[in-house]
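Read off the chains here:
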Amino acid sequence: MSFSKKIVLLGHFSVGKTSLLRRFIDDQFSEEYIVTIGVQVKKKVVTVKHKEKQDISVSFIIWDIEGNKSVKSTRKSYLLGTHGFIYVFDVNNDLTYKNTLEEIDYLKSTYPNVLVKVVGNKIDLVNAKNIENELALLKIPVDILTSAKTGENIDFLFKKLAEEFVNG
Amino acid sequence: MNQEEKLNKLKDILLMEQRAQALLVQKQIADLEKSINVKKNFSKRVDPIIDEKLQEFVINMPKTIGPTITSSIKEEIRNSQDDVVDALFPIIGKMIKKYIQSEFQKLKENINNQVNKKFSIKGFKRNIKSKFTGVNQTDLILSDSRDYQVEQIFMIEKNSGILKACFSRGEKGYVDKEMVSGMLTAIKSFIEDAFQKSNQALELIEYDLYKIHIINFKLFYFATVVSGVLDTKSKDNLEDKLYQLRIDMLKDNKEIDLKKLNKKINQIFQHEFF
């Protein structure tokens, strides 16, 4: 059995959305920063086990859209029909995560039935323990910390997402 | 030993070293002359250096003189457009002429075939149609001669861009169809958003010899890739088929059976030339 899900990557400019996607799809990384203009669509199939033990393939159709200071200023038509949002911020740049709480509240109230995952990227640049404490202090609702550079937790993020789609 | 002989002997003793050096220098000069004046020897020494420099020049040429050449060519073309047209016309003209000749040949063969089938059922029908509609047979044959083909059909969920069903004639495209559906939806969303005309939807994308016709429904849209010329009549025919498909889907069930739908689309379009 298989099904397709539309995932949209959200977040500020240069938080590593495209790098995260590139690591997940092609297992590659580049230090060079190229700004995303408009949108690029990629696909990858992840197979997970259903509660009743059979394998289910989730085809992720991932929309990597241009970065925005606020989710509110993202082109609305890109967000329609989305099954899951991945909100990415840069753990090394507090400007990209200080409004996370409001951004997530906005997403959850505007798209109530859509799964939202909050991802702190570029974990390779900081001390993981320190940043976890800081995010906890600021009450930033982070689901997972990743590094597109080292690949840490990237596959795990999408596997977790697939499992939630399959098993609820 | 007289005085002179003694002096010479003394000279020999004193100048022995200098003479040896002078002889050495003389030999070196002779060798040098030989290596310069004899072409073979000279090129043996100089060629590797020239080759190396030449290679360096070739590598650095795009950086060093490339921009100058490009701007000079651009300026030259700008300043002498008529000359450029004169120079290119025979080449491009020939190509166009050849292409038109070949297309006319195909058209001629097509019309000949149709005329040869004058006594066939199709010819008989055309004859009657011509008499009733007043359109002469040549025009009817010409309109029959233009062919177009449905290459691909995508049925895509409107908001998410998720592919629901598709038809492809042969092995089409290197890009994953689900990604194509996503990108098509992104382009469509962008255009519809950017121009913000209420209730307006993108209906046609043209690229080279292909057209993508988009037929919008409430929850999904059909994107049909067509090659060749699609006139109004054929477009209506195509739209009718897709509307009928939609009606059949609604009749069958509110929930779309994707396997059944895929099969149906393939059945309709596999052997269809519009």
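As shown above, the structure is provided for reference.
Residues numbered from 1 in each chain as written. Chains lettered and ligands numbered in written order. Predicted model: local features only at pLDDT ≥ 70, side-chain atom pairs only at ≥ 80, totals over all residues. Heavy atoms only, no water.

Draft legend 1. Highlighting the overall build of chain B. Helices and strands together make up the secondary structure of chain B, namely nine helices and five strands. Written out in order from the N terminus, the α and β elements of chain B read α-α-α-α-α-α-β-β-α-β-β-β-α-α. Expressed as a percentage of its 274 residues, the buried residues of chain B come to 23%. Across chain B, every contact between residues at least 6 apart in sequence was considered, and the portion connecting residues at least 24 apart equals 51%. Accessible surface for chain B amounts to roughly 21,000 Å². Of this, 58% is attributable to carbon and sulfur atoms. (Helix = DSSP H or I, 4+ residues; strand = E, 2+ residues; numbered from the N terminus. Buried < 20%, exposed > 50% of the residue type's maximum accessible area, 1.4 Å probe, protein only. Contact = heavy atoms within 4.5 Å. Areas by Shrake-Rupley, 256 points an atom, 1.4 Å probe, with all protein chains shown as cover.)

Draft legend 2. Quick peek at a nonpolar patch on the surface. Residues and elements named next belong to chain B. Taken together, the side chains of Ile50, Leu54, Phe57, Val58, Met61, Ile65, Ile69, Ile73 and Ile77 present a nonpolar region at the surface, about 770 Å² in accessible area. At the level of elements, helix 2 (39-64) and helix 3 (66-79) are the ones that each hand at least two residues to the nonpolar patch. With five residues, the top contributor of residues to the nonpolar patch is helix 2. Relative to the helices and strands, Val58 resides in helix 2. Here Val58 falls in the exposed class, since its relative accessible area comes to 51%. (Patch = residues over 30% accessible without salt bridge, like charges linked within 9 Å, V, L, I, M, F, W, Y side chains within 5 Å. Salt bridge = Lys/Arg side-chain N within 4 Å of Asp/Glu carboxyl O.)

Draft legend 3. Here's a closer look at the packing of aromatic side chains. Taken as a whole, this structure holds eleven aromatic pairs over all chains when the rule is applied. On the numbers, 6.3 Å between centres and 55 degrees between planes, the contact of A:Phe60 with A:Phe165 is tilted. Of this pair, A:Phe60 sits in strand 3 (residues 55-65) while A:Phe165 sits in helix 5 (residues 154-167), and the two are 105 residues apart along the sequence. Neither residue differs from the other here; A:Phe60 and A:Phe165 are each classed as buried. For the ring pair B:Tyr207 and B:Tyr210, a centre distance of 5.5 Å and an interplane angle of 20 degrees mean the geometry is stacked. Judged by relative accessible area, B:Tyr210 falls into the partly exposed class, the value being 30%. A:Lys44 extends its terminal NZ or CZ atom over the ring of A:Phe24, reaching a point 4.7 Å from the ring centre. (Phe/Tyr/Trp six-rings, centres within 6.5 Å; stacked < 30°, edge-to-face > 60°. Lys NZ or Arg CZ within 6 Å of the ring centre and 35° of its normal.)

Draft legend 4. Region of interest: the nonpolar core. All names here are of chain A. Counting residues in hydrophobic clusters, the biggest one holds 29 residues, and the most contacted among them are Leu10, Trp63, Ile65, Phe85 and Leu107. Residue assignment for this core shows that the elements contributing at least two residues are strand 1 (2-11), strand 2 (39-49), strand 3, helix 2 (76-79), strand 4 (84-90), helix 3 (100-110), strand 5 (115-121) and helix 4 (128-137). In this structure Ile65 touches Val8, Leu9, Leu10, Lys17, Thr36, Gly38, Val39, Thr74, Tyr78 and Leu79, once residues within four positions along its chain are discounted. Core analysis: the next-biggest nonpolar cluster, separate from the first, contains 23 residues, Leu9, Val48, Val88 and Val166 among them. (Core = buried A, V, L, I, M, F, W, Y, C linked by side-chain atoms within 4.5 Å.)

Draft legend 5. Broad picture of the packing of helix 2 of chain B against helix 3 of chain B. Residues and elements named next belong to chain B. Interhelical geometry of helix 2 versus helix 3 gives an angle of 55 degrees and a closest axis separation of 5 Å. Compared by their axis directions, helix 2 and helix 3 come out oblique. Residues Met61, Pro62, Lys63 and Thr64 of helix 2 touch helix 3, and the partners they reach there are Gly66, Pro67 and Thr68. Across the contact of helix 2 with helix 3, the residue classes break down as three nonpolar, three polar and one charged. (Axes fitted to C-alpha atoms, helices over the stretch in contact; angles between N-to-C directions. Parallel < 35°, antiparallel > 145°, perpendicular 65-115°, else oblique. Nonpolar A, V, L, I, M, F, W, Y, C, P; charged D, E, K, R; others polar.)

Draft legend 6. Quick look at the packing of helix 1 (residues 17-26) of chain A against helix 5 of chain A. Residues and elements named next belong to chain A. Packing of helix 1 against helix 5 brings their axes to within 9 Å, and their N-to-C directions diverge by 80 degrees. For the element pair helix 1 / helix 5, the angle class is roughly perpendicular. Here helix 1 contributes Leu20, Arg23 and Phe24 to the contact with helix 5, which in turn contributes Ile154, Asp155, Leu157 and Phe158. Of the residues that constitute the contact of helix 1 with helix 5, the class distribution is five nonpolar, no polar and two charged.

Draft legend 7. Structural view of the sheet that holds strand 3 of chain A. All names here are of chain A. Taking strand neighbours across the sheet as the criterion, the six strands line up as 2-3-1-4-5-6 in an open arrangement whose pairing is mixed. Looking at strand neighbours, the two that pair on one side only are strand 2 and strand 6 (144-145), the edges of this open sheet. Sheet analysis places strand 1 next to strand 3, joined by eight bridges and oriented parallel. Of the residues in strand 3, the one forming a bridge with Lys6 is Ile61. (Pairing = 2+ DSSP bridges.)

Draft legend 8. A look at helix 2 of chain B. Look at helix 2 of chain B: only 32 Å from first C-alpha to last across 26 residues, short of the 38 Å you get at 1.5 Å a residue. At B:Val46, helix 2 of chain B is bent by approximately 40 degrees, the largest bend along its length, and proline B:Pro48 sits one to four residues beyond. (Expected span 1.5 Å × (residues − 1). Bend = angle between axes of the 7 residues up to and from the residue.)

Draft legend 9. Highlighting the environment of A:Leu95. Within the secondary structure, A:Leu95 sits in the loop between strand 4 and helix 3. For the pair A:Leu95 and A:Lys69, spaced 26 residues apart in the sequence, the C-alpha separation amounts to 9.2 Å.

Draft legend 10. Fine view of the sheet that holds strand 2 (residues 163-168) of chain B. Residue and element names in this part refer to chain B. Ordered in space as 2-1-5-4-3, the five strands form an open sheet in which the pairing is antiparallel. The strands lining the two open edges of the sheet, one partner per strand, are strand 2 and strand 3 (204-207). Strand-to-strand twist across the sheet, computed as the mean angle between neighbouring axes with direction ignored, equals 15 degrees. The sheet strands contacting helix 7 (residues 177-195) are strand 1 (148-157), strand 2, strand 3, strand 4 (210-216) and strand 5 (220-228), and the helix crosses strand 1 at an angle near 80 degrees.

Draft legend 11. Structural context of the pattern of salt bridges. A complete count under the given rule lists 15 salt bridges over all chains for this structure. The shortest N-O distance in the salt bridge between A:Lys43 and B:Glu178 comes to 2.7 Å. Within this pair, whereas A:Lys43 is found in strand 2, its partner B:Glu178 is found in helix 7, the two belonging to separate chains. Given the relative accessible area of 14%, B:Glu178 is considered buried. For the salt bridge of B:Glu157 with B:Lys164, the shortest nitrogen-to-oxygen distance reads 3.5 Å. Residue class for B:Lys164 comes out partly exposed when judged on its relative accessible area of 24%. The network of salt bridges with shared partners includes A:Lys43, B:Asp176 and B:Glu178.

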